[in-house]
Amino acid sequence: MTQLMHYPDLQVCVLAAGQGKRMRSSRPKVLHPVLGRAMIDYLLHTVEMLRPKGIALVTGHASEMVQEHVGQPQNLEWVIQDRQLGTGHAVNQCENVIRDVRDVLIVCGDTPLLRTETLAKLIDEHRDRNAVVTVLTAEPKNSYGYGRIIRDGDGRVSAIVEEKDADESQRNLREVSSGIYCVRYEALFDLLHKIGNNNAQNEYYLPDIVPLALKDGKTVETVVMEDASEMFGVNNRVQLAEVESLMQQRIIHDWQMNGVTIEKPESVRIEAGVSIGIDTVIQAGCYLIGSTRIGDECRIGPNAVLVDAMLDDRVNVFAFSHIHGANVGSEAKVGPFARLRPGAELDEEVHIGNFVEIKNSIINRGSKINHLSYIGDTEMGSGCNIGAGTITCNYDGANKHKTIIGDDVFIGSDTKLIAPVEVGSDATIGAGSIITKKVKEGGLTLSARPEQRHVTDWQRPKKKI
Ligand code: UD1
Ligand code: MG
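Residues numbered from 1 in each chain as written. Chains lettered and ligands numbered in written order. Predicted model: local features only at pLDDT ≥ 70, side-chain atom pairs only at ≥ 80, totals over all residues. Heavy atoms only, no water.

Thoughts on helix H2 (residues 63-70)
At step 1: Looking at H2, one finds that the buried residues are Ser63, Val66 and Val70. Each buried residue of H2 lies within a common arc of 60 degrees when the element is viewed along its axis, so the set occupies one face. In H2, the exposed residues that point more than 90 degrees away from the buried face are Glu64 and Glu68.
At step 2: Summarising the contacts, the buried residues of H2 are in contact with helix H1 (39-48), strand E4 (52-59) and strand E5 (76-80).
At step 3: Note on H2: the residue one or two positions beyond its end, Gly71, has a positive phi of about 75 degrees. (Buried < 20%, exposed > 50% of the residue type's maximum accessible area, 1.4 Å probe, protein only. Helix = DSSP H or I, 4+ residues; strand = E, 2+ residues; numbered from the N terminus. Arc of directions from axis to C-beta. Contact = heavy atoms within 4.5 Å.)

Printed below as a string of structure tokens:
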């Protein structure tokens, strides 16, 4: 768990104006989800945990979409960069919203793996060393695409050279810039005003504040990240998948440390908004999506899909079941091959078996629907036993109608309940019935059955040779 910190004299500047051309998408890059949560949401959470004075979010490309998604958090200021002329130009747009702080922390919106602790270390070292500019650097396995850190004979940083501007020997350098900086506020905008765009991309590069600060005799420091993967930026969909897989390992690790058993962890998907109780076992191939909440001591899968599902304690979900927008009470059993759709509410100890679909229905305590049924728009009491193939015929082609079933009802196999219809408590319905009228409490109800005949002189057809 990330610890809440407190940096009241810090302003954060988040750069997210770029189009993300390499994503080839109609939506802005920072809105692409990683395990069900937009990239920008991770980043904003990470910087909010620092509890800074404020956050300036620079957007430009499709900024309305970003604004609509993020909403209006209390300490967030929107900064619009109409034309994306480079990272230095982007930070410069924040001049009017940043004031009266000691330092400005600059981060990019496309690095969801970044941790609050890493940023705190950068800020603390920057302050301990009394630096004016501190660059967070890393030594990834592959430095392609990143700005390379250039050091002088004494090992001190002298410049950052972008991939497109670098010569052969500079490209071979392993240490790169994460694109994350901590800069003394009083110096930042003076430095930014001096940046030019005489480079391969004709952009105003933020990294150019490094040589400019050194030229003014100011202290520039670097802090190396322990885990280079934290700065991985998403520029295309290959990197999106890589970052998602790293995030998945992190989330799975956290649940394992919290007492959840995960079989074949490489085969499951557990999204960021999911929560799981202790001693629950997640079996191979499960997908836990959206806001799914699972209680303690449950067993899920293999290959179950849970989307925005709520499961109480000690629930058993058997293989290949699909649960979407449904609530499941404790000690219930679901599946294998069951489908619970939105509005399905199962009370404690309910059993839903194979090839059963439940939609928008309340099933009370201990009722069992074990085989091949469709139950929709129904209220069912407790202790019922619904035979194989029972169907609530809830749709007349135009409108949906309700079926109400009392407690301790026994419905024989292959019964059709033509809604709207009611079945009283303790009723028994004979197999194959078509129920169109209210069924009285108790007793046996069955609809007329076709007469059974026996044809004695009948010959089975024989295969022609
Ligand atoms: C940038 C850095 C590079 C660093 C790398 C780390 C520069 C020039 N390069 O390269 O040194 O190693 O990040 O990932 O800073 N943005 C704006 N407005 C702009 C341009 C960019 O807001 O005009 C935003 C983008 O939306 C993005 C971030 O700044 O979130 C970085 O831009 P990007 O184009 O991804 O830069 P890189 O080429 O990755
Ligand atoms: Mg980038």
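Focus: the sheet that holds strand E14 (residues 275-276)
At step 1: Taken in spatial order, the nine strands make up an open sheet running E14-E17-E20-E23-E26-E29-E32-E35-E38, and their pairing is parallel. If you trace the sheet from one side to the other, it starts and ends with E14 and strand E38 (421-423), each paired once.
At step 2: Here strand E26 (residues 345-346) runs beside strand E29 (residues 362-363); their pairing, made up of two bridges, is parallel. The residue bridging Glu345 from the neighbouring strand is Ile362, located in E29. (Pairing = 2+ DSSP bridges.)

Section: the packing of aromatic side chains
At step 1: Across all of its chains, the model carries three aromatic pairs by this definition.
At step 2: When the centroid spacing of 5.2 Å and the interplanar angle of 15 degrees are considered together, the rings of Phe337 and Phe355 count as stacked. Within this pair, whereas Phe337 is found in the loop between strand E24 (333-334) and strand E25 (339-340), its partner Phe355 is found in the loop between strand E27 (351-354) and strand E28 (357-359), the two being separated by 18 residues in sequence.
At step 3: It is Arg37 that lies over the ring of Tyr42; its NZ or CZ is 5.7 Å from the centre.
At step 4: The aromatic ring of Tyr395 is capped on one face by Lys400, whose charged end is 5.1 Å from the ring centroid. (Phe/Tyr/Trp six-rings, centres within 6.5 Å; stacked < 30°, edge-to-face > 60°. Lys NZ or Arg CZ within 6 Å of the ring centre and 35° of its normal.)

Re the nonpolar core
At step 1: With 60 residues, the main nonpolar core has Ile270, Ile282, Leu288, Ile300 and Leu340 as its most contacted residues.
At step 2: Secondary-structure elements contributing two or more residues to this core are H1, helix H8 (237-257) and E38.
At step 3: A per-element tally of this core places H8 first, with six residues.
At step 4: Excluding residues that lie within four positions of it along the chain, Ile270 makes contacts with Leu35, Gln248, Ile251, Ile252, Trp255, Ile262, Ile276 and Leu288.
At step 5: Judged by nonpolar contacts, the second largest core, of 37 residues, contains Tyr7, Leu10, Leu76 and Trp78. (Core = buried A, V, L, I, M, F, W, Y, C linked by side-chain atoms within 4.5 Å.)

Looking at the pairing of E27
At step 1: Here two bridges tie E24 to E27, and the two strands are oriented parallel to one another. Bridge pairing in E27 links Val334 to Ile352.
At step 2: Where E27 meets strand E30 (residues 368-371), three bridges bridge the pair, whose relative direction is parallel. Bridging across to E30, Ile352 finds its partner in Ile369.

With respect to the site of ligand 1
At step 1: Lining the immediate environment of ligand 1, one finds 23 residues, of which Gly18, Gln81, Thr87, Glu162 and Ser177 sit closest.
At step 2: One nitrogen or oxygen atom from the side chain of Gln81 is found 2.7 Å from a nitrogen atom belonging to ligand 1.
At step 3: At 2.9 Å, a backbone N or O of Gly147 approaches an oxygen atom of ligand 1.
At step 4: Bound to the protein, ligand 1 loses 88% of the 760 Å² it would expose on its own.
At step 5: For the shell around ligand 1, the secondary structure elements donating two or more residues are strand E1 (7-16), helix H3 (87-92) and strand E10 (176-184).
At step 6: Of the residues forming the shell around ligand 1, the biggest block, three residues, is contributed by E10. (Near = heavy atom within 4 Å. Polar contact = N/O pair within 3.5 Å; in protein donor to acceptor, adjacent residues only side chain to side chain. Areas by Shrake-Rupley, 256 points an atom, 1.4 Å probe, with all protein chains shown as cover.)

Some points on the pattern of salt bridges
At step 1: Inspection of the entire model under this criterion finds 27 salt bridges.
At step 2: Two residues, Glu125 and Arg129, come together in a salt bridge whose shortest N-O distance is 2.5 Å.
At step 3: With a shortest N-O distance of 2.8 Å, Lys194 and Asp216 are connected by a salt bridge. Within this pair, whereas Lys194 is found in the loop between helix H6 (185-193) and helix H7 (209-215), its partner Asp216 is found in the loop between H7 and strand E11 (220-224), the two being separated by 22 residues in sequence.
At step 4: Judged by its relative accessible area of 45%, Lys194 is partly exposed.
At step 5: Overall, Asp216 belongs to the partly exposed group, its relative accessible area being 38%. (Salt bridge = Lys/Arg side-chain N within 4 Å of Asp/Glu carboxyl O.)

Some details on the side chain of Gln248
At step 1: Summarising the element assignment, Gln248 is placed in helix H8.
At step 2: The buried category is assigned to Gln248, whose relative accessible area is 9%.

Notes on H1
At step 1: H1 sits mainly inside the fold: seven of its ten residues count as buried.
At step 2: Within H1, burial applies to Met39, Ile40, Tyr42, Leu43, Leu44, Thr46 and Val47.

A few points about the domain arrangement of the protein chain
At step 1: Along its sequence, the protein chain is organised into domain 1 (7-231) and domain 2 (237-455).
At step 2: Distance between the C-alpha centres of domain 1 and domain 2: 48 Å.
At step 3: Contact residues are listed per partner, giving 16 residues for domain 1 and 14 residues for domain 2.
At step 4: Summed over both partners, the interface of domain 1 with domain 2 buries about 1,300 Å², with 65% contributed by carbon and sulfur atoms. (Domains from an automatic or database assignment. Buried area = accessible area lost by both parts, 1.4 Å probe.)

Re a nonpolar patch on the surface
At step 1: Taken together, the side chains of Phe320, Phe337, Phe355 and Leu372 make up a nonpolar region of the molecular surface, amounting to roughly 420 Å² of accessible area.
At step 2: You can see Leu372 is positioned in the loop between E30 and strand E31 (374-376). (Patch = residues over 30% accessible without salt bridge, like charges linked within 9 Å, V, L, I, M, F, W, Y side chains within 5 Å.)

Points about the environment of Ser367
At step 1: Counting through the fold element by element, Ser367 comes out in the loop between E29 and E30.
At step 2: Residues Ser367 and Gly430 lie 63 residues apart in sequence; the distance between their C-alpha atoms is 18 Å.
At step 3: Not counting chain neighbours up to four residues away, the residues in contact with Ser367 comprise Glu349, Val350, His351, Met380, Gly381, Ser382, Gly383 and Cys384.
At step 4: Polar contacts involving the side chain of Ser367 include one to the main-chain amide nitrogen of Cys384, which spans 2.9 Å.

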